[in-house]
Amino acid sequence: MKKLIAIALCWLGLGFAHAEDNYTLKFATLAPQGSTWMNIISDWAKQVEKESQGRLRFKLYPGGVSGDEPDVLRKIRFGQLQGAAFTGHGIGHIYSAARIFEIPYMFRDAQEIDAVRAQFMPEIEAGFRKNDYELLGWMEVGFLRFFSKQPISTLDDLKKKRIWLWQGDPVGIAFFNASGISPVPLPLTDVYTSLSTGLIDTTIAPPLGAIAFQWFTKTPYMSEVPLSNGIGGLLVSRAFFTQLPADLQTLLLKTGKQTSARLITETRADNEKSLTVLRQNGVKTTLAWKDVDEKELYALRDKASAELIRSGYLPGEMVARVNKAIIAVRAKKP
């Protein structure tokens, strides 16, 4: 009888040990089901489950079902979620310095972005870690454009529009203040309805995002000149990450970087394809480069940067170093 009891206890112990070795990562994103971003994140979840032999599983919450990004951050803080794919808006609540890559009219092309980001990535990863998050992968949403119900021919035309501002976004506020524009602050989840009701008549999105959220069906005009390059990140709370065994931490970091590379490559390609799709659906391009004075754009950039530095949202010395890095990259271009 004693032997039987000992064997039973042994089996129970093994059962409890096995149960404790299984982890679930509840992961939210605004990306709609079926979008490029969501498809890649779903593939990532399947890869992690397979390579961990089921010890680490994702439970995905796509399409904003967990709320806007501030709602998601609150749920992570309370332990209801453990991670998310954030855009720059959510990232700003965690480590605002990372949004240095979203300063309006800062970068001209992807080559500049890649070269400068590579220099600053170790510093950015450390910044997230210091603020209780682990950056598993960097991502982009793409170059942001204005989508409007009526054509925009000059920057002054923007002052006559009811433009959406992502509610509480300091980078957006700094740009609009620098431009003398009064926007309409709303959560991202209210944009489509507000375009339908006329509360707003202009929004800001990458081409892929305008299609994914169906905003283009309400806005037949799109600016050629982009405002900035929208960033994003695959993040988990350090509280969740540090409780994982070392091999699962390594797995998340490895697969996160692989997913990051795929997200950037496919997002860029799909944004280019989306431009063609938008034109095929009757969306016309306005506000071309010939319609703007580049000096005016750079003046807006500097004015917005100065406000973000003054408020403490961006570190001034880091902005200076990024500007210096951009100049160095441009000097090497043919």
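Keep in mind it's a predicted model, so treat the numbers as computed, not measured.

1. Points about the overall build of the chain
Counting secondary structure elements, the chain contains twelve helices and eleven strands. The C-alpha atoms of the chain give 22 Å as radius of gyration, which agrees with the globular expectation for 334 residues (20 Å, within 12%). For the C-alpha atoms alone, the extent of the chain along its principal axes is close to 90 × 45 × 35 Å. Here the chain holds 334 residues, and the buried ones make up 52% of them. Of the contacts formed within the chain by residues at least 6 apart in sequence, a portion of 77% connects residues at least 24 apart.

2. Section: the sheet that holds strand 10 (residues 229–237)
Judged by pairing direction, the sheet is mixed, and its five strands sit side by side in the order 2-1-3-10-4 without closing on themselves. Taken across any chain shown, the strands that pair with only one partner, and hence form the sheet edges, are strand 2 (56–61) and strand 4 (133–143). Along the sheet, successive strands turn relative to each other by an average axial angle of 20 degrees, direction set aside. Relative to strand 10, strand 3 (residues 83–87) runs antiparallel, the two sharing five bridges. Bridging across to strand 10, G83 finds its partner in V236. Seen against the sheet, helix 3 (residues 69–77) touches strand 1 (23–29), strand 3, strand 4 and strand 10 and runs at an angle of roughly 155 degrees to strand 3.

3. Quick look at helix 10 (residues 246–280)
An ideal rise of 1.5 Å per residue puts 51 Å on 35 residues; helix 10 measures up with 50 Å between its terminal C-alpha atoms. Phi turns positive one or two residues past the end of helix 10, at G282, with a value near 90 degrees.

4. What about unusual backbone geometry?
Backbone geometry places D132, a non-glycine residue, at a positive phi of 75 degrees. Here D132 shows up in the loop between helix 5 (110–130) and strand 4. Look at D132 and you get exposed, because its relative accessible area is 52%. In this structure, L287 is a non-glycine residue whose phi angle is positive, near 50 degrees.

5. Notes on the packing of aromatic side chains
A complete count under the given rule lists twelve aromatic pairs for this structure. For the pair F27 and W44, a centre-to-centre distance of 5.6 Å together with 90 degrees between the ring planes defines the contact as edge-to-face. Taken as a pair, F27 in strand 1 and W44 in helix 2 (residues 36–51) lie far apart in primary sequence, 17 residues in all. Take F27: its relative accessible area is 0%, and that puts it in the buried class. A centroid spacing of 5.9 Å and a plane angle of 35 degrees characterise the contact between W164 and W166, whose relative ring orientation is tilted. Like W164, the residue W166 is buried in the burial classification. Feature note: the residues Y105, F146, F175 and F176 constitute an aromatic cluster, connected by ring pairs. Across the ring face of F78, the terminal group of R77 is positioned such that the distance to the ring centre comes to 5.9 Å.

6. Section: the sheet that holds strand 11 (residues 284–286)
A sheet is described by the order of its strands in space; here four strands give the open sequence 8-5-9-11, paired in mixed fashion. This sheet does not close on itself; its edge strands, each paired only once, are strand 8 (202–205) and strand 11. On average, each strand axis in the sheet is tilted by 30 degrees relative to the strand beside it, whichever way the strands run. Inspection of the sheet shows strand 5 (residues 145–148) paired to strand 9 (residues 221–223) by two bridges, in the antiparallel sense. Following the sheet pairing, S148 is matched in strand 9 by Y221.

7. Quick word on empty space enclosed by the protein
A water-sized probe, rolled over the atoms, reveals where empty space remains. In this structure the tally under the stated criterion is one cavity of 30 Å³ or more. Put simply, the largest cavity is a space of about 540 Å³. Considering the residues around the largest cavity, the lining is formed by 34 residues, among which T87, V141, L144, W164 and W166 are closest to the centre. If you list the elements that add at least two residues to the lining of the largest cavity, you get strand 3, helix 4 (88–94), strand 4, strand 6 (164–166), helix 6 (170–179), strand 8 and strand 10. The element best represented in the lining of the largest cavity is helix 6, accounting for four residues. Class assignment for the residues of the lining of the largest cavity results in 22 nonpolar, eight polar and four charged.

8. A look at the pattern of salt bridges
This structure, assessed with the given rule, holds 27 salt bridges. When the shortest N-O distance is used, the salt bridge between D43 and R262 registers 2.9 Å. Pair noted here: D43 is in helix 2 and R262 is in helix 10, with a separation of 219 residues, a long-range link. Residue classification places R262 among the partly exposed residues on the basis of a relative accessible area of 31%. Notably, a salt bridge pairs R162 with D201, separated by 3.8 Å at the nearest N-O pair. Here the residue R162 occupies a position in the loop between strand 5 and strand 6, and D201 occupies one in the loop between helix 7 (191–197) and strand 8, the gap between them amounting to 39 residues. Of the residues examined, D201 reaches a relative accessible area of 12% and is grouped as buried.

Reading guide: rules and limits
- Residues numbered from 1 in each chain as written.
- Predicted model: local features only at pLDDT ≥ 70, side-chain atom pairs only at ≥ 80, totals over all residues.
- Heavy atoms only, no water.
- Helix = DSSP H or I, 4+ residues; strand = E, 2+ residues; numbered from the N terminus.
- Rg over C-alpha atoms; globule rule 2.2 N^0.38 Å.
- Buried < 20%, exposed > 50% of the residue type's maximum accessible area, 1.4 Å probe, protein only.
- Contact = heavy atoms within 4.5 Å.
- Pairing = 2+ DSSP bridges.
- Axes fitted to C-alpha atoms, helices over the stretch in contact; angles between N-to-C directions.
- Expected span 1.5 Å × (residues − 1).
- Phe/Tyr/Trp six-rings, centres within 6.5 Å; stacked < 30°, edge-to-face > 60°.
- Lys NZ or Arg CZ within 6 Å of the ring centre and 35° of its normal.
- 1 Å grid on protein atoms, 1.4 Å probe; cavity = no way out; pocket = protein on both sides within 12 Å on 5 of 7 lines; lining within 4 Å.
- Points joined across faces, edges and corners; volume = space filled by probe spheres on them.
- Nonpolar A, V, L, I, M, F, W, Y, C, P; charged D, E, K, R; others polar.
- Salt bridge = Lys/Arg side-chain N within 4 Å of Asp/Glu carboxyl O.

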